[in-house]
Amino acid sequence: MKQAMEAGNPSAIGITNQRETLVIWDRASGKPIHNAIVWQDRRTAKFCAALKADGHESGVQAKTGLLLDPYFSASKIKWLLDNVTGAREGSASGRLAAGTIDTFLLWRLTGGRVHATDWTNAGRTMLYDIHQRCWDAELLRLFDIPQSLLPEVHPNTHLFGETDPALFGRAIPIAGMAGDQQSALIGQACFDAGMVKSTYGTGCFMLMNTGSDAVTSTNRLLTTPAYDIAGDRAYALEGSIFVAGAAVKWLRDKIGLIDTAGETEAVARQAREDHGVVVIPAFVGLGAPHWRPDLRGSIHGLTLDTTAADLVRATLESIAFQTRDLTDAMAADGSAQPASVRIDGGMAKNNWFAQFLADILEVPVERPASHETTALGAAVLAGITTGMFADKAECAAKWEADARFDVTMKNERRERYLSDWQTILQRDLR
């Protein structure tokens, strides 16, 4: 990192991160008291289920926009405090600090001088009231977490601090911060209400900008802060799919059907169009709109004619089908059909997948010229804070499409695909 920073001679730094991954560390030494607990970790599923059974979910959703699930950070903090020797005492005395990865990076980059986060990351902890914009005392009591453990919260465009001069030979302002999915929304220039981006990395995360309205979903989507850029505040509806690119990695690393992720495009084109296989990629449960952490993956419709190419294609199809479940939930919440869906992430490079996605969503899909939209979003935030960009309108004007995939599939075929998907999915959900 030091070599990259010195070579690039940056004017400012923007930070983006996996949002819910959680660390607790010692303020004096800067060392974590335990391994980070990543966003996919399900160890607190029983605790979250118990809170839900006790009727707490509606109150949690009203304040945070989130549903009770181990995905979010609050139950991870509680687990660490309850299971790491001395953690409870250390949190009570003020010796420990907690935060998502952005907060930990900021702490380290500033030499331990700044313990802070931004409201998009705070809004994913399940401890932050996204309407009142503060850590919520009632939620802190529910999860038995002292507020002294938590960072200060700022807008996305904010001078968070400066790097320790010893790191890069000079102090560099840290001038922007956002969770990865919100950063991608910014990098995709989805600044108008109704615009949608969908990122296909390890998981898939679709965000629809809802403007200044924090829309409460009645269809198991999340309400989340989108950005606060120079006082212009927006919210989003979000659908989170836990496994997307991770399923391609499974095809490659666990069952050996491909040697590289890039092969999936050519292999999918070799498969039979009516292969009859349905994959439910619930390797770590299903996210939105089902929220079933207990479910596990399954494959249906295997015959003696099933080929490796069929399985690869069915796995890619399952990610498109799950994305359609998200757009259907958004429509049920009253959202209008978007003019297009802007996609990014590793799977977005797959032309076969992008076209199939457009056909299943019945919406044109656009892929940006800059594939690193998450990093771009962080750079935009830092640039606006430091005056390198005038405003988000200037950044939006620079957005360019690399490719556009229009809808070509006939309705009859699409309906058959979706009917088969729903029949198998509902069978597994029972």
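Scoring rules and cut-offs
Residues numbered from 1 in each chain as written. Predicted model: local features only at pLDDT ≥ 70, side-chain atom pairs only at ≥ 80, totals over all residues. Heavy atoms only, no water. Helix = DSSP H or I, 4+ residues; strand = E, 2+ residues; numbered from the N terminus. Buried < 20%, exposed > 50% of the residue type's maximum accessible area, 1.4 Å probe, protein only. Contact = heavy atoms within 4.5 Å. Areas by Shrake-Rupley, 256 points an atom, 1.4 Å probe, with all protein chains shown as cover. Lys, Arg positive; Asp, Glu negative; His and termini not counted. Charge placed at Lys NZ, Arg CZ, Asp CG, Glu CD. Pairing = 2+ DSSP bridges. Phe/Tyr/Trp six-rings, centres within 6.5 Å; stacked < 30°, edge-to-face > 60°. Salt bridge = Lys/Arg side-chain N within 4 Å of Asp/Glu carboxyl O. Axes fitted to C-alpha atoms, helices over the stretch in contact; angles between N-to-C directions. Core = buried A, V, L, I, M, F, W, Y, C linked by side-chain atoms within 4.5 Å. Parallel < 35°, antiparallel > 145°, perpendicular 65-115°, else oblique.

(A) Representation of the overall build of the protein within the structure. Helix and strand counts for the protein come out as 17 helices and 18 strands. By its C-alpha atoms, the protein is 65 × 50 × 40 Å across when sized along the principal axes. Counting only residues that meet the buried cut, the protein has 57% of its 430 residues in that class. Once local pairs closer than 6 in sequence are excluded, the contacts in the protein between residues at least 24 apart make up 73%. When the accessible surface of the protein is totalled, it reaches about 17,200 Å², and 50% of it is carbon and sulfur. Here the protein contributes 43 positively and 51 negatively charged side chains, and the mean placements of these two sets differ by 4 Å.

(B) Structural detail: the pairing of strand β11 (residues 204–211). Of all the eight residues making up β11, eight are buried; the element is thus mostly covered by neighbouring parts of the structure. Where burial is concerned, the two faces of β11 agree: the one with C204, M206, M208 and T210 and the one with F205, L207, N209 and G211 are both buried. Connecting strand β10 (residues 196–200) to the next strand, β11, in antiparallel fashion are three residues. As paired elements, β11 and strand β13 (residues 232–241) share seven bridges and run antiparallel to each other. By the bridge assignment, F205 is partnered in β13 with S240.

(C) Geometry of helix α4 (residues 73–83). With eight of eleven residues buried, α4 lies mostly within the body of the structure. If you check which residues of α4 are buried, you get S73, A74, S75, K76, I77, K78, L80 and L81. Here the buried face of α4 lies against β2 (22–26), α2 (45–53), α5 (87–93), β3 (96–100) and α8 (137–143).

(D) Broad picture of the packing of aromatic side chains. Within this structure, the stated rule accounts for 21 aromatic pairs. Taking the centre distance of 5.0 Å and the plane angle of 55° together, the rings of W25 and F104 count as tilted. Within this pair, whereas W25 is found in strand β2, its partner F104 is found in helix α6 (residues 101–109), the two being separated by 79 residues in sequence. Each member of the pair, W25 together with F104, is buried.

(E) Seen up close, the pattern of salt bridges. For the structure shown, the criterion picks out 32 salt bridges. Residues E317 and R313 are paired through a salt bridge, measuring 2.7 Å at the closest nitrogen-oxygen approach. Of this pair, E317 and R313 both sit in helix α13 (residues 308–332), four residues apart, roughly one helical turn. Ionic pairing is found between R324 and E362, a salt bridge with its closest N-O pair at 3.1 Å. Taken together, the residues span a long stretch of sequence, with R324 in helix α13 and E362 in the loop between α14 (351–361) and β17 (365–368) at a distance of 38 residues. Residue classification places E362 among the partly exposed residues on the basis of a relative accessible area of 35%. A network of salt bridges, in which partner residues are shared, links R19, E20, R124, D180 and E238.

(F) A look at the sheet that holds strand β9 (residues 173–179). An order of β1-β9-β8 is seen for the three strands of this open sheet, with the pairing classed as mixed. The sheet terminates laterally at β1 (13–17) and β8 (157–162), the two strands that pair on one side only. The sheet shows a mean angle of 40° between the axes of neighbouring strands, direction not considered. The sheet contact formed by β1 and β9 spans five bridges and is parallel. For G14, the partnering residue across the bridge sits in β9 and is G176. Contacts from α6 reach β1, β8 and β9, with the element oriented near 145° to β1. In the packing of helix α10 (residues 180–187) onto the sheet, the strands contacted are β1 and β9, and the crossing angle to β9 comes to about 105°.

(G) Expanded view of the nonpolar core. Of all hydrophobic cores here, the largest spans 93 residues; its most connected members are I24, I77, L127, Y200 and F353. Sort the elements by how many residues they give to this core and α13 lands first, with nine residues. Apart from residues no more than four positions distant in its own chain, F353 is found in contact with Y200, L316, I319, A320 and M347. By size, the runner-up hydrophobic cluster in this structure holds 17 residues, among which are L185, I186, F191 and A234.

(H) Quick look at the environment of M126. Position of M126 relative to the elements: it lies in the loop between α7 (119–122) and β5 (128–129). Judged by its relative accessible area of 2%, M126 falls in the buried class. With residues up to four places along the chain from it excluded, the contact list for M126 reads V60, T64, L66, L67, L68, D69, F72, A74, L139 and F143.

(I) Examining the sheet that holds strand β12 (residues 222–229) more closely. Ordered by their spatial adjacency, seven strands build an open sheet running β12-β13-β11-β10-β16-β17-β18, and the pairing between neighbours is mixed. At either end of the open sheet lies a strand with only one pairing partner, and these are β12 and β18 (401–405). On average, each strand axis in the sheet is inclined to that of its neighbour by 30°, with strand direction left out of account.

(J) Fine view of the packing of α10 against helix α15 (residues 373–386). Put simply, α10 and α15 touch, their axes get as near as 7 Å, and they point 80° apart. The angle between α10 and α15 places the two elements in the roughly perpendicular class. Where α10 approaches α15, its residues D180, S183, A184, I186 and G187 are matched on the opposing element by T373, T374, L376, G377, A378, V380 and L381.

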